[in-house]
Amino acid sequence: MTRRPLIAANWKMHQTVPEALTFLDHLLADLSGDEEAEVVIAPPFTALEAVGRRLDGTSVQVAAQNVYWEDQGAFTGEVSPLMLKQLGCRYVIIGHSERRQLFGETDETVRRRLRAAGRHELTPILCVGETKEDREAGRTDDVITGQISRALEGLYPDPLRELVVAYEPVWAIGTGLTATVDQAQEAQAHLRLLLARITDKGLANRTRILYGGSVKPENILALMAMPDVDGALVGGASLSADSFTGIIHF
Ligand code: 13P
């Protein structure tokens, strides 16, 4: 099964609207439009509309960095899947480790967000990953197994028609420490087997599993050579159009 690679920029809390538009001018000038990889940009909520408009009609897709699980209501500060859909979002990042560590995200809230995304045909980019302590204690497989199984509980077959998974070891995020290609492959092969068990072989084979954690133009090629690495979720190196296009054109 050939899976189209996916390279996604997670801008986190970076890029004002003018900065985002300048970035896109550079990015679009560097893309031919028929890249092998699907390219996705996840700007902060405040830049979603401007980025969506600028990318409309291009080959680049837009993602949100989070979503609430209700469509509307008295939920001050939250953004609904309906609102994201209306802005032209195709993807939404769910369960990023920064949300889990800093904002009290749990497997239960991840599951609710996944269900809401599925209801509105937003494809979730579900993030999982172990901490340094987990890895040192040999708990990597247990931790990511728990995260995936609890997140997907009760969600299969509907609304799980399409899913992207991002394996992001917490110790590799923003640290310059990339997982070795073998560490990434081992965890990602494990995630695919698990997906086949929880859902079905077809979905497991179709699902793109991205690696995230200090991805740069210098290390993307080796990562992409691994059979279960289908792309990357890029933080720091996605903030400059030069380094991001270097990653896209691995
Ligand atoms: P860095 O690429 O900055 O390590 O961040 C990875 C990440 O968290 C992407 O979601």
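The model shown is predicted, which means the values in this text are computed figures rather than measured ones. (Residues numbered from 1 in each chain as written. Predicted model: local features only at pLDDT ≥ 70, side-chain atom pairs only at ≥ 80, totals over all residues. Heavy atoms only, no water.)

*Asks:* Is there a simple way to think about the sheet that holds strand 1 (residues 6-10) in this case?
*Replies:* In sheet architecture, strand pairing relies on hydrogen bonds along the backbone and comes in two forms, parallel and antiparallel. Read once around its circumference, the closed barrel built from eight strands follows the order 1-2-3-4-5-6-7-8, with strand pairing classed as parallel. Across this sheet, the average inter-strand angle for adjacent strands is 25°, counted without regard to direction. Where strand 1 and strand 2 (residues 38-42) come together, five bridges link them in parallel fashion. Looking at strand 2, one finds that Ala-8 is bridged to Val-40. In this fold helix 2 (residues 45-55) packs onto strand 2 and strand 3 (60-64), with an angle of close to 165° to the strand it touches most, strand 3. Sheet contacts for helix 11 (residues 241-248): strand 1, strand 2 and strand 8 (231-234); angle to strand 1, the most-contacted strand, approximately 160°. (Pairing = 2+ DSSP bridges. Helix = DSSP H or I, 4+ residues; strand = E, 2+ residues; numbered from the N terminus. Axes fitted to C-alpha atoms, helices over the stretch in contact; angles between N-to-C directions. Contact = heavy atoms within 4.5 Å.)

*Asks:* Got a minute to help me understand the pattern of salt bridges in this structure?
*Replies:* Oppositely charged side chains can pair when the atoms bearing their charge come close. Enumeration over the complete set of coordinates arrives at 18 salt bridges. Put simply, Arg-53 and Glu-49 hold a salt bridge, and the shortest N to O gap is 2.7 Å. One end of the pair, Arg-53, and the other, Glu-49, are both in helix 2, four residues apart, so they sit about a helical turn from each other. Residue class for Glu-49 comes out partly exposed when judged on its relative accessible area of 41%. Residue Glu-105 is joined to Arg-99 by a salt bridge in which the shortest nitrogen-to-oxygen separation is 4.0 Å. Connected through shared salt-bridge partners, Arg-3, Arg-192, Asp-228 and Asp-230 make up one network. (Salt bridge = Lys/Arg side-chain N within 4 Å of Asp/Glu carboxyl O. Buried < 20%, exposed > 50% of the residue type's maximum accessible area, 1.4 Å probe, protein only.)

*Asks:* Can you help me understand the site of the ligand in this one?
*Replies:* Every residue near the ligand is listed here: Asn-10, Lys-12, His-96, Glu-168, Ala-172, Ile-173, Gly-174, Gly-213, Ser-214, Leu-233, Gly-235 and Gly-236. The contact in question runs from an oxygen atom of the ligand to an N or O atom on the side chain of Lys-12, over 2.8 Å. Between the ligand and Ser-214 there is a distance of 2.8 Å, counted from an oxygen atom to a backbone nitrogen or oxygen. Calculation on the ligand without its partners gives an accessible area of 310 Å², and the protein chains cover 95% of this total. Assessed atom by atom at 2 Å from the grid points, the ligand resides in the second largest pocket. Of the residues belonging to the shell around the ligand, the class tally is three nonpolar, seven polar and two charged. (Near = heavy atom within 4 Å. Polar contact = N/O pair within 3.5 Å; in protein donor to acceptor, adjacent residues only side chain to side chain. Areas by Shrake-Rupley, 256 points an atom, 1.4 Å probe, with all protein chains shown as cover. 1 Å grid on protein atoms, 1.4 Å probe; cavity = no way out; pocket = protein on both sides within 12 Å on 5 of 7 lines; lining within 4 Å. Sits in = over half its atoms within 2 Å of the grid points. Nonpolar A, V, L, I, M, F, W, Y, C, P; charged D, E, K, R; others polar.)

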